[in-house]
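Coordinates in review
Here are the chains, one letter per residue:
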Amino acid sequence: MRIFLAFLLLFTFSVFAQKPRKYFINHKGEKTTKENAKYYRVVEKKNKIRHVKDYYLNGSIQMIAQFADRKLKKQNDTVKYYHLSGNLSCIGLCLNGKKQGLWKWYYLNGKISKTGNYYQNKATGTWQWWNMDGNLLNTINNADDLLLSQYSHPPVFPGGESEFFKFLKGIKYPDKAKNQGLFGIVYTCFYLNEKGIAEDFDIISHGTSEIDSSIINRLKEMLSRRRCSIMLLHVF
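As a further point, take the overall build of the protein. Broken down by element type, the protein carries five helices and 12 strands. Taking the intrachain contacts of the protein between residues at least 6 apart in sequence as the baseline, contacts between residues at least 24 apart amount to 28%. Of the roughly 15100 Å² of accessible surface on the protein, a fraction of 55% belongs to carbon and sulfur atoms.

Right, dumping it as C-alpha cells:
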C-alpha cells in the first residue's frame, strides 16, 4: 500500500505541476534571443492551464495571465499588466483570448487613468478618462473602436523616431563615471501632458548618481525645447 501511494503521488505531481519554462520574448510575445528581447517569460502548466508571467529585463513583473492553449494566444481569466516600477498598469478580463467587461488603466502613482468596456474584444459602453490628480476629464457613452481611434494617438517626437535617437546620442557620459570605470543601466519614465510637454521625470532603476543626472537632464532639455506633436489619449 505504501509503495502504491508513493507512486500515485509522484504520478499526480508530474501531470499537474510541470517544471516552469523560461525564455526571452520580443514586444509581440514571440521567442527571441537575449540581445533582441524586451521581456523574459516564465510558463508553468497546471491542470492544462498555462500560467504565464512576463518580466522586464530588470526583473520586475510586466504581465500575469493564464492561457488555455499551448501557443499562448488565448488568455483566460483576469489579466494584469504592470509598470516598470512594479505598480499595476492595467487589469481586465479575457475569455478565450478576447477582452471582456470592464478594464482599468492606472498611472504610475496608482491613480486611475481610464476605464473602458469590451465585448468580444471590441470597445463598447462607457469610457472615462482622469488626470493624474484624480479629476475626471471626459466621458464617452456608446463607444466603439472607430470612435476611440479618432481620439487615441501615440506621442510623436518631431521628425520621428530617427530624430529621437539622434537626440539621445547627445547624452554625455559623465567624466567622473568614465574615469572610475563606472557603468549602469538606467530605467526612466515621464508623462506627456495634453500639450506634449513632459512632466514627472523619475528614475525607476538607478545606474550611478552621475549617470542618473545625465539622463534626466538630457530628457528635460529635449522635452522643454520641443513638444511632441500628438498626445490626445487621455485628454479631450
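After presenting the structure, the write-up continues.
For Gln 62, the position within the fold is in strand β4 (residues 61–67). Gln 62 gets classed as buried once you look at its relative accessible area, which sits at 10%. When residues no more than four places from it in sequence are discounted, the contact partners of Gln 62 are Tyr 39, Asp 54, Tyr 55, Tyr 56, Lys 80, Tyr 81 and Tyr 82.

This part is about the sheet that holds strand β1 (residues 21–25). Pairing in this open sheet of 10 strands is antiparallel, and the strands run β1-β2-β3-β4-β5-β6-β7-β8-β9-β10 from one edge to the other. What marks the edges here is a single partner per strand, and that holds for β1 and β10 (136–140). Across this sheet, the average inter-strand angle for adjacent strands is 15°, counted without regard to direction. Alignment of strand β5 (residues 75–82) against strand β6 (residues 88–95), held across six bridges, turns out to be antiparallel. For Lys 80, the partnering residue across the bridge sits in β6 and is Ile 91.

Together, Arg 21, Lys 31, Arg 70, Lys 71 and Lys 73 line one region of the surface with positive charge. By secondary structure assignment, the location of Lys 73 is in the loop between β4 and β5.

Its location among the elements puts Phe 24 in strand β1. We classify Phe 24 as partly exposed; its relative accessible area is 24%. Sequence separation between Phe 24 and Tyr 55 is 31 residues, and the spatial gap between their C-alpha atoms is 9.4 Å. Ignoring anything within four residues of it in the chain, the contact list for Phe 24 reads Glu 30, Lys 31, Thr 32, Thr 33, Lys 34, Ala 37, Tyr 39, Tyr 40 and Leu 57.

Conventions we followed
- Residues numbered from 1 in each chain as written.
- Predicted model: local features only at pLDDT ≥ 70, side-chain atom pairs only at ≥ 80, totals over all residues.
- Heavy atoms only, no water.
- Helix = DSSP H or I, 4+ residues; strand = E, 2+ residues; numbered from the N terminus.
- Contact = heavy atoms within 4.5 Å.
- Areas by Shrake-Rupley, 256 points an atom, 1.4 Å probe, with all protein chains shown as cover.
- Buried < 20%, exposed > 50% of the residue type's maximum accessible area, 1.4 Å probe, protein only.
- Pairing = 2+ DSSP bridges.
- Axes fitted to C-alpha atoms, helices over the stretch in contact; angles between N-to-C directions.
- Patch = residues over 30% accessible without salt bridge, like charges linked within 9 Å, V, L, I, M, F, W, Y side chains within 5 Å.
- Salt bridge = Lys/Arg side-chain N within 4 Å of Asp/Glu carboxyl O.
- Lys, Arg positive; Asp, Glu negative; His and termini not counted.
- Charge placed at Lys NZ, Arg CZ, Asp CG, Glu CD.

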